[in-house]
Amino acid sequence: MSLPAPVALAQDRLDVVATTGMIADAAREVGGDLVAVRALMGPGVDPHAYRQTRSDIVATAEADLVLWHGLYLEAQMEEFLLDLAGTKPVVAVAEALPTNLLVGHDDYEGRHDPHVWMNPNLWSLVVLEIRDALTEVHPEGAETFRANAEAHLEELSALAEYTARVLSTVPAESRVLLSAHDAFNYFGSAYGFEVAGIQGISTESEAGLQRIAELVDMLVARDIRAVFVESSVSDRNIRALIEGAAAQGHEVVIGGELFSDAMGEEGTYEGTYVGMIDHNATTIAAALGGEVPDRGMQGLLN
Ligand code: ZN
């Protein structure tokens, strides 16, 4: 487990630009000393709504390789990235996942839910795509990329094991994860949780009063005591939900803040992919009555 090093744009490194922090983290893990990686979207940034800035346009124009997620995650950047692909290596790293591993998208027919990073086993396949993209652009680095990817996959496998273990300590009737938007479907199906988001799969859709009323009824009927806010989405709807439940005499607390579509602050453990998922799994398990080790999987959580 290595924290992201400060990026020095040396001439002899492959200049990689990634859209999300999760992709940048994987590119750093796999690329090691051979790459300088920059993420366009920082902590707290919502990828569904993000549009490229002037400095992003410059960074991608100068990059040797541009990595994006695809599956319509970067909805507002898609046209820009597809155009850019006509001029240089630009790879949508989640698009190559086999469709039988993807879940459908209620909001858009024919599309898939993009939030695959929520399952470390699925994310491992994306890491392999990133390894292949780096190798394609820089074949001399093939052996380094192969070895680094292998080491990172071992960390991800330990992460998947830890996540499954702590979540299995949550009492069966409490395995309900209610948060601001539908980012946790892959998480739910991997770990046996029922998930509900107030907004849909994209934060672009507005939550109606009726949706909030339905979810309040569910909280009361199922005796759900904790709901979760997300670092990249406004907590306005979650607060409306808590107030709605309180009006019916049912007390609900915020179980914690989850990293749904962006990682934590750069330079912190939560600002890495492993730290992000460790934080989510530990926070969810603790809030819903499970047993968790002090400060998570490896004692690094803040
Ligand atoms: Zn999302």
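Residues numbered from 1 in each chain as written. Predicted model: local features only at pLDDT ≥ 70, side-chain atom pairs only at ≥ 80, totals over all residues. Heavy atoms only, no water.

### Quick look at the coordination of the zinc ion
Put simply, the ideal angle at a metal is 109.5 degrees for four donors in tetrahedral geometry and 90 or 180 degrees for six donors in octahedral geometry.
Then, number 1: Only His 48 (NE2), His 115 (NE2), His 181 (NE2) and Asp 261 (OD) from the protein coordinate the zinc ion, and they sit 1.9 to 2.0 Å from it.
Then, number 2: With 4 donor atoms in place around the zinc ion and angles of 94 to 126° between them, the coordination shape is tetrahedral.
Then, number 3: Its relative accessible area of 2% is what places His 48 among the buried residues. (Donors = N, O, S within 2.8 Å, 3.2 Å for Na, K, Ca; no water. Tetrahedral: all angles 85-135°; square planar, octahedral: opposite > 155°, others 65-115°. Buried < 20%, exposed > 50% of the residue type's maximum accessible area, 1.4 Å probe, protein only.)

### Here we look at the sheet that holds strand S2 (residues 35-39)
Then, number 1: Read across the open sheet, the 4 strands follow the order S2-S1-S3-S4; overall the sheet is parallel. Whereas interior strands pair on both sides, the edge strands pair on one side only; in this sheet they are S2 and strand S4 (90-92). Across the sheet, the mean angle from the axis of one strand to that of its neighbour is 20°, orientation sign disregarded.
Then, number 2: Note that strand S1 (residues 14-18) and S2 share 5 bridges and pair parallel. Bridge assignment links Val 16 to a residue of S2, and that residue is Val 37. (Pairing = 2+ DSSP bridges. Helix = DSSP H or I, 4+ residues; strand = E, 2+ residues; numbered from the N terminus. Axes fitted to C-alpha atoms, helices over the stretch in contact; angles between N-to-C directions.)

### Quick word on the domain arrangement of the protein
Then, number 1: Domain boundaries assigned for the protein yield domain 1 (14-164) and domain 2 (171-287).
Then, number 2: A straight line from the C-alpha centre of domain 1 to that of domain 2 covers 24 Å.
Then, number 3: When the two sides are added together, the surface that domain 1 and domain 2 hide from each other amounts to roughly 2900 Å², 63% of it contributed by carbon and sulfur.
Then, number 4: Linking domain 1 with domain 2 are 0 salt bridges, by the criterion used here.
Then, number 5: Contributions of two or more residues to the side of domain 1 that touches domain 2 are made by helix H1 (21-31), helix H4 (120-137) and helix H5 (142-167). (Domains from an automatic or database assignment. Buried area = accessible area lost by both parts, 1.4 Å probe. Salt bridge = Lys/Arg side-chain N within 4 Å of Asp/Glu carboxyl O.)

### Details of the packing of H4 against H5
Then, number 1: At a minimum axis distance of 10 Å, the contact between H4 and H5 shows a crossing angle of 170°. Classified by the angle their axes make, H4 and H5 are roughly antiparallel. Across the interface between the two elements, Pro 120, Asn 121, Trp 123, Ser 124, Val 127, Leu 128, Arg 131, Leu 134 and Thr 135 from H4 touch Ala 142, Phe 145, Arg 146, Ala 149, His 152, Leu 153, Leu 156, Leu 159 and Ala 160 from H5. (Parallel < 35°, antiparallel > 145°, perpendicular 65-115°, else oblique. Contact = heavy atoms within 4.5 Å.)

### What about the nonpolar core?
What tends to happen in soluble globular proteins is that the nonpolar side chains get buried as a cluster.
Then, number 1: In this structure, Trp 123 and Tyr 273 are the most contacted members of the largest nonpolar core, which totals 60 residues.
Then, number 2: For this core, the element with the highest residue contribution is H5, accounting for 8 residues.
Then, number 3: Setting aside residues up to four positions removed in sequence, Tyr 273 forms contacts with Met 22, Asp 25, Trp 117, Asn 119, Pro 120, Trp 123, Leu 156, Leu 159 and Met 263.
Then, number 4: Ala 180, Ile 198, Ala 207 and Val 227 belong to the second largest nonpolar core, which has 20 residues in total. (Core = buried A, V, L, I, M, F, W, Y, C linked by side-chain atoms within 4.5 Å.)

### A closer look at the packing of H1 against H4
Then, number 1: Running from amino to carboxyl end, H1 crosses H4 at an angle of 60°, the nearest separation of the two axes being 9 Å. In terms of orientation, H1 lies oblique with respect to H4. The two elements H1 and H4 cross, and the hand of that crossing is right-handed. On H4, the residues that touch Met 22, Ile 23, Ala 26, Ala 27, Val 30 and Gly 31 of H1 are Trp 123, Val 127, Ile 130, Arg 131 and Leu 134.
Then, number 2: Split into classes, the residues belonging to the contact of H1 with H4 amount to 9 nonpolar, 1 polar and 1 charged. (Left-handed = near helix turned anticlockwise from the far one by under 90°. Nonpolar A, V, L, I, M, F, W, Y, C, P; charged D, E, K, R; others polar.)

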